[in-house]
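As a plain string of letters, each chain reads:
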Amino acid sequence: MNQYPLTVKRSIELLGVSLVVVILVVGRDIFMPVIMAFFISIMLLPIYRFLRKRNVPKSLSIILPILLVLLFIAGIVWFLSAQVGILVDDFPQIKQNVAKHLQSLKEWISGFTKMSVSKQENFIKTKSDDLLGMAGSAAGGAFVTLSGVFVFVGLLPIYIYLILFYKDILLRFVFLWFKTDDHAKVKDAVYETESIIKSYLVGLLIQITYMTILLGGILLLIGIKHALLIGVIFAILNLIPYVGALIGNVIGVLLTLTSSTELWPVVTVLGVIAFVQFLDNNILMPRIVGSKIKINALVSIVGVFIGGSIAGVSGMFLSMPIIAVLKIIFDRSESFKQWGVLLGDERPNKSPLTFPKFRKLSPVSTKAGTIDKK
């Protein structure tokens, strides 16, 4: 592509990006399970290699790690089911608490807007009827979505098995895609991709574990109802960068409001979540994952929303590892190195507008791309 004018090269790049996005949107039901299986397969590679070194048959070396993953998922589902069961048992008390909160809210609105309680109740009744009508029309769509989830989960073990079984064919295909002179760079990219994905995904599993224990344990000691459920929901949602933590806070507050008529438990839950997040962001997670994944906050947030718009929740979860893999590829390509700079979090020490050397692709002195919170 070097013989083309710069405008043509950039147009081809943008056209390629647009084409990839269109393909992902159109074929998300096909590609998302494959991408998820690819990342899980890389995480299972150490177990597979360990079993192969001990002369365990290849098929069995693949099936055993998959069974471990299925047992782990089954454990999470069982735990959530048990916690939801406790929540259902408390439903009569929850109903009373919600009624008290709604009454207090109506009185506050009445004093603030001069709108009577009876008018508020009529307004709520009208909107409730509208919501019930919308829920009925959306039931078919929800059924289709639920069916898609079962198909997604059902295909994962099959894809993981096939990816691990045919990994040598896939690697040979990757090398044949490039010139022989570039095979050394391709090999380095493959090893670094494997290392980063493993450290990132294993780090996320550790993060879920310690955040559930820390958050749920502290809230349990304080005496907050449904503490473990709040802990595990927040830990799982926290995997979605930036957006997940906000949703987790909202769910934690709602669960606390339904189990108490007082305000102090809500303040306590928010305070404990803020404390655990501070430990996670500044002490625990940097030591577990380290500084291997250097993606700036702007790209992270935009990537999460793009992933969510393309493939829903699974796209939001997969956005960060996909961006990390893309950065590895871009950093090793002379034609796409500028995209690697865009994804990274290392800012030039001085403005490229003033100092020409910071406009080039050659290595420059940088500083951490953290956002100053003042």
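Here the residue numbering is sequential within each chain, running from 1 through the sequence in written order. This being a predicted model, a pLDDT of at least 70 is required before a residue's local features are given, and a value of 80 or more before pairs of side-chain atoms are given or counted; all residues contribute to the totals for chains, interfaces and linings. Only hydrogens and water are set aside; all other atoms, that is, all heavy atoms of the structure, feed into the side-chain values.

**Some words on the packing of aromatic side chains**
Classification of ring pairs rests on two measures: the distance between centres of Phe, Tyr or Trp rings, Trp counted by its six-membered ring, which must be within 6.5 Å, and the angle between planes, read as stacked under 30 degrees, edge-to-face over 60 and tilted in between. One pass over the full model with this rule turns up 4 aromatic pairs. Considering the side-chain rings of Phe165 and Tyr166, the 5.0 Å spacing of their centres and the 85° angle between planes classify their relative orientation as edge-to-face. Its relative accessible area of 28% is what places Phe165 among the partly exposed residues. The class for Tyr166 is partly exposed, based on a relative accessible area of 38%. Throughout, exposure labels follow a simple rule: accessible area from a 1.4 Å probe, protein chains only, divided by the maximum for the residue type, with under 20% read as buried, over 50% as exposed, and the rest as partly exposed.

**Quick word on the packing of helix H7 (residues 183-222) against helix H11 (residues 297-331)**
For any two helices packed against each other, the geometry comes down to the angle between their axes and how far apart the axes lie. All axes are obtained by fitting lines to C-alpha atoms, using only the stretch in contact for helices, and the reported angles, taken between N-to-C directions, cover 0 to 180 degrees. Every helix listed is a DSSP run of H or I at least four residues long, and every strand listed is a run of E at least two residues long, numbered separately from the N terminus. Contact pair H7 / H11: the axes reach a minimum separation of 10 Å and the direction vectors enclose 155°. Between H7 and H11, the crossing angle belongs to the class labelled roughly antiparallel. In this structure, H7 crosses over H11, and the sense of that crossing is right-handed. Note on element contacts: H11 touches H7 through Met320, Pro321, Ala324, Val325 and Ile328, opposite Ala189, Glu192, Thr193, Ile196, Ile197 and Tyr200. Residue polarity is assigned by list, with Asp, Glu, Lys and Arg as charged and Ala, Val, Leu, Ile, Met, Phe, Trp, Tyr, Cys and Pro as nonpolar; anything else, Gly included, falls into the polar class. Tallied by class, residues from the contact of H7 with H11 come to 9 nonpolar, 1 polar and 1 charged. Between 65 and 115 degrees an angle is taken as roughly perpendicular, under 35 as roughly parallel, over 145 as roughly antiparallel, and anywhere else as oblique. A crossing counts as left-handed when the near helix is turned anticlockwise from the far one by less than a right angle, and as right-handed when that turn is clockwise. Contacts are residue-level and defined by heavy atoms, with any inter-residue pair within 4.5 Å sufficient.

**A look at helix H2 (residues 28-53)**
For a helix, the expected span equals 1.5 Å multiplied by the residue count minus one. Under the 1.5 Å per step criterion, the end-to-end length of H2 is 37 Å for 26 residues, consistent within 8% with the ideal 38 Å. Turning to H2, its buried residues number three or more, namely Met32, Pro33, Met36, Ala37, Phe39, Ile40, Ser41, Ile42, Leu44, Leu45, Tyr48 and Leu51. Looking one or two residues past H2, Asn55 carries a phi angle of roughly 60°, positive in sign.

**Focus: helix H8 (residues 227-237)**
When you tally the buried positions in H8, you get 8 out of 11 residues, the bulk of the element. Those residues of H8 that fall on the buried side of the exposure criterion are Ala227, Leu229, Ile230, Gly231, Val232, Phe234, Ala235 and Leu237.

**A closer look at the environment of Thr258**
Positionally, Thr258 belongs in helix H9 (residues 243-259). Considered as a pair, Thr258 and Lys225 are 33 residues apart in the sequence and their alpha carbons are 9.6 Å apart.

**Some remarks on the confidence of the model for the protein chain**
In this model, the protein chain carries a mean pLDDT of 75, and residues with pLDDT of at least 70 account for 72%. The element-level mean pLDDT for the protein chain is lowest in strand S2 (residues 366-368), coming to 59, with helix H6 (residues 167-176) highest at 89. For residues 134-144, every residue scores under 50 in pLDDT, and the model assigns this stretch 0 contacts once sequence neighbours within four places are set aside. pLDDT expresses how confident the predictor is about each individual residue, on a scale running from 0 to 100.

**A closer look at the packing of H6 against H7**
Packing of H6 against H7 brings their axes to within 10 Å, and their N-to-C directions diverge by 140°. As judged from the angle between their axes, H6 and H7 are oblique. For the pair H6 and H7, the sense of crossing is right-handed. Judged by residue contacts, Leu171, Val174 and Phe175 of H6 engage His183, Val186, Lys187 and Val190 from H7. Of the residues assigned to the contact of H6 with H7, the class counts are 5 nonpolar, 1 polar and 1 charged.

**Here's the deal with a nonpolar patch on the surface**
Taken together, the side chains of Leu60, Ile63, Leu64, Leu67, Leu70, Phe72, Ile73, Val77 and Leu205 define a hydrophobic patch exposed on the protein surface, amounting to about 710 Å² of accessible area. Along the polypeptide, Val77 turns up in helix H3 (residues 58-89). A relative accessible area of 47% means that Val77 is categorised as partly exposed. Residues enter patches when their relative accessible area tops 30% and they take part in no salt bridge; the joining distance is 9 Å for like charges and 5 Å for the nonpolar side chains Val, Leu, Ile, Met, Phe, Trp and Tyr. With residues, only the protein chains shown are counted as cover, and all accessible areas are computed by Shrake-Rupley using a 1.4 Å probe. We count a salt bridge whenever a side-chain nitrogen from Lys or Arg sits within 4 Å of a carboxyl oxygen from Asp or Glu.

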